[in-house]
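The residues making up each chain are set out below.
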Amino acid sequence: MMRAQKKPLSGSVRTAVREVPLQDSSEGDAPDFGFEDKGKFLGAGYGAEALPLTLPQGQQAQAVYALDGAEGRAYCLVSADGKVWYCAAGGSAFTDSGVQFAARPAACRVSGGEAGWLLSDGTSVALFAADGVGAEAEIPAFSCACWHYERLWLVPASDAEQLYFSAPGALRDFSSAIGGGGYVRVPDEKGDICALVGRENYLYLFREQGVQRLSARGDEAEFEVRDEFSCARVYAETVCETGGCIYWLGEDGLHRFDGGKEENFADTCRFFSETQLSPFAVAAAGMYTLHARICTEGGEEDAFVLIHPLRGDRQVVRASASFASACGGEVIFASDAGLFRLQKGAAPSRRIVRRLENPLAQPSCLSEVVLYGKGMYVIRFSGERGTRIVRLNAAFGRARAAVNLAGGQFLCELLSEGPACELRALTVRYTKGGLQ
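Residues numbered from 1 in each chain as written. Predicted model: local features only at pLDDT ≥ 70, side-chain atom pairs only at ≥ 80, totals over all residues. Heavy atoms only, no water.

1. A word on the sheet that holds strand β11 (residues 125-129)
Then comes step 1: If you trace the four strands from one edge of the open sheet to the other, you get β9-β10-β11-β12, paired in antiparallel fashion. Because the sheet does not close on itself, it has two edges, and the strands there are β9 (106-110) and β12 (132-135). Averaged over all pairs of adjacent strands, the angle between their axes in this sheet comes to 20°, without regard to strand direction.
Then comes step 2: Alignment of β11 against β12, held across four bridges, turns out to be antiparallel. Residue pairing in the sheet places alanine 126 in a bridge with alanine 135 of β12. (Pairing = 2+ DSSP bridges. Helix = DSSP H or I, 4+ residues; strand = E, 2+ residues; numbered from the N terminus. Axes fitted to C-alpha atoms, helices over the stretch in contact; angles between N-to-C directions.)

In structure tokens, the structure reads:
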């Protein structure tokens, strides 16, 4: 009796493993958000945390400022109707200061003998100090101001080509005198002066479409103004100095100036909307924090973009705000929902998007994903042949899941929620062939 012999199964399977880059290159449909680059891994980034303060009854926050003192942190609130409120250190409720503005004021942080915030709506001025808020009749109303080289420099709202300066160390003395205060006219074809910022030994005058440098180390007879460069229209409230560089948002994107070289790095921040409404920025904790309109997977929305000058990385916090200021290395801000601060590690949700390309010839597929880290993750793979969604629990430092999605190009969207977040690496396996 003859028996049929079974032939052994034979197959030819090719595989390729590729690591998914975790650094944000902005090549996806929208920027990453919620993650912070911690060197060897991605962790939870900055998020919005409510301040333990009670808004005045029936009032909506328009702007908020803070001052740290021996007794703790005091706050100043400008409500939507222009009324100014004060909250003493250690308190949680605001009281009416008696100051009223016609519009959201321009603000200038002053130091020296009187530390505080100067606020002006262009017609009146108030000083927010640790012990309260009071009107200032001796300081000219301004549209922008800067405390630099122990002088207060300001541009009156009535004449944006005139620059006032106080006497050294004297916040309220603008009387013209040798070695004292005074003013200089600075007309220029690049437009009105819209922002002032100090950097090292110089005061920089930002015009609507250009920048000038003022040297003011001696008395007024030695003041010298020189042109630096022309540029696209400047969004005045985004001009800030941090890490030895001046940053600002222009109509043509984000800019950086180190005192010698001006750089437009819009290509690395392509997600900014071309139509900006009222962007603004603050410098805190060594970072440039810009609030602007960005493009997202759902259209456009407001967000904070935190840029670290030294490391060159950035974080995106999706939060709407009407104004922000800095205090003690923190960014605090007002929104329709109340008063908040940007808190490290408080991002409630996180997302990265990466485009992947299958290195194997067709037909082949993305067969498997492996994640190294900690936390709960949902990953959506989309390609020309459909979509696969996998859920990974990396409780023990590693998790893997089958994908089995045929195609040549894929969009990988990774979502993470919850407090545990440590994303160290992400790899995908591609497979071609099988049993014959």
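And the narrative resumes.
2. So, the pattern of salt bridges
Then comes step 1: One pass over the full model with this rule turns up 30 salt bridges.
Then comes step 2: Arginine 351 is the partner of glutamate 297 in a salt bridge, and the nearest nitrogen-oxygen pair spans 3.4 Å. One end of the pair, glutamate 297, is in the loop between β26 (287-296) and β27 (299-307); the other, arginine 351, is in strand β32 (residues 349-357), with 54 residues separating them in the sequence.
Then comes step 3: Judged by relative accessible area, arginine 351 falls into the buried class, the value being 5%. (Salt bridge = Lys/Arg side-chain N within 4 Å of Asp/Glu carboxyl O. Buried < 20%, exposed > 50% of the residue type's maximum accessible area, 1.4 Å probe, protein only.)

3. Remarks on the layout of surface pockets
Then comes step 1: Counted as a void, the largest pocket has a volume near 1200 Å³.
Then comes step 2: Contributing to the lining of the largest pocket are 39 residues, with Ala107, Cys108, Ala145, Val239 and Cys240 lying nearest its centre.
Then comes step 3: Contributions of two or more residues to the lining of the largest pocket are made by β9, β13 (144-148), β17 (193-199), β21 (240-242), β25 (280-284) and β29 (323-327).
Then comes step 4: Per-class residue counts for the lining of the largest pocket are 29 nonpolar, six polar and four charged.
Then comes step 5: Volume-wise, the second largest pocket comes out at about 380 Å³.
Then comes step 6: Along its surface, the second largest pocket is lined by 22 residues, and Asp24, Gly312, Asp313, Arg314 and Gln315 are the ones closest to its centre.
Then comes step 7: Every element with two or more residues in the lining of the second largest pocket is listed here: β2 (35-37) and β28 (314-317).
Then comes step 8: Here the residues of the lining of the second largest pocket sort into nine nonpolar, five polar and eight charged. (1 Å grid on protein atoms, 1.4 Å probe; cavity = no way out; pocket = protein on both sides within 12 Å on 5 of 7 lines; lining within 4 Å. Points joined across faces, edges and corners; volume = space filled by probe spheres on them. Nonpolar A, V, L, I, M, F, W, Y, C, P; charged D, E, K, R; others polar.)

4. A few points about the side chain of aspartate 188
Then comes step 1: Secondary-structure assignment places aspartate 188 in the loop between β16 (182-185) and β17.
Then comes step 2: Polar contacts involving the side chain of aspartate 188 include one to the side chain of glutamine 212, which spans 3.0 Å.
Then comes step 3: Beyond its immediate sequence surroundings of up to four residues, aspartate 188 is in contact with Glu161, Arg207, Gln212 and Asp227. (Polar contact = N/O pair within 3.5 Å; in protein donor to acceptor, adjacent residues only side chain to side chain. Contact = heavy atoms within 4.5 Å.)

5. Notes on the packing of aromatic side chains
When we look at a pair of aromatic rings, we describe it by the centre distance and by the angle of the planes.
Then comes step 1: Counting across every chain of the model gives 19 aromatic pairs.
Then comes step 2: With a centroid separation of 5.7 Å and an interplanar angle of 80°, the aromatic rings of tyrosine 204 and phenylalanine 257 are classed as edge-to-face. In this pair, tyrosine 204 is assigned in strand β18 (residues 202-207) and phenylalanine 257 in strand β23 (residues 253-257), connecting sequence segments 53 residues apart. Per residue, the accessibility class of tyrosine 204 equals that of phenylalanine 257, and both read buried.
Then comes step 3: On the basis of an interplanar angle of 20° and a centroid distance of 5.5 Å, the ring pair of phenylalanine 333 and phenylalanine 340 is categorised as stacked. The same class applies to phenylalanine 333 and to phenylalanine 340, which are both buried.
Then comes step 4: By way of ring pairs, the aromatic residues Tyr202, Tyr204, Phe206, Phe229, Trp248 and Phe257 are connected into one cluster. (Phe/Tyr/Trp six-rings, centres within 6.5 Å; stacked < 30°, edge-to-face > 60°.)

6. Structural notes on unusual backbone geometry
Then comes step 1: Following glutamine 362, the chain continues to proline 363 via a peptide bond in cis, the omega torsion being 0°.
Then comes step 2: The phi angle at glutamate 200 is positive, at roughly 50°, despite the residue not being glycine.
Then comes step 3: Considering the arrangement of structural elements, one finds glutamate 200 in the loop between β17 and β18.
Then comes step 4: Notably, alanine 285 is not glycine yet its phi reads approximately 55°, a positive angle.
Then comes step 5: Here alanine 285 shows up in the loop between β25 and β26.

7. As for the environment of phenylalanine 206
Then comes step 1: Within the fold, phenylalanine 206 resides in strand β18.
Then comes step 2: Here the alpha-carbon distance between phenylalanine 206 and valine 234, two residues 28 residues apart in the chain, equals 7.9 Å.
Then comes step 3: Setting aside residues no more than four positions away along its own chain, phenylalanine 206 makes contact with Asp192, Ile193, Cys194, Ala195, Val197, Val211, Val234, Val239, Ile246 and Trp248.

8. Notes on the sheet that holds strand β4 (residues 47-50)
Then comes step 1: As summarised here, the arrangement of the four strands in space is β4-β31-β30-β29, forming an open sheet in which the pairing is antiparallel. Looking at strand neighbours, the two that pair on one side only are β4 and β29, the edges of this open sheet. Neighbour-to-neighbour, the strand axes of this sheet turn through a mean angle of 35°, independent of strand direction.
Then comes step 2: Both β29 and strand β30 (residues 330-335) contribute to a ladder of five bridges, which runs antiparallel. Residue pairing for β30: alanine 324 is matched across the bridge by phenylalanine 333.

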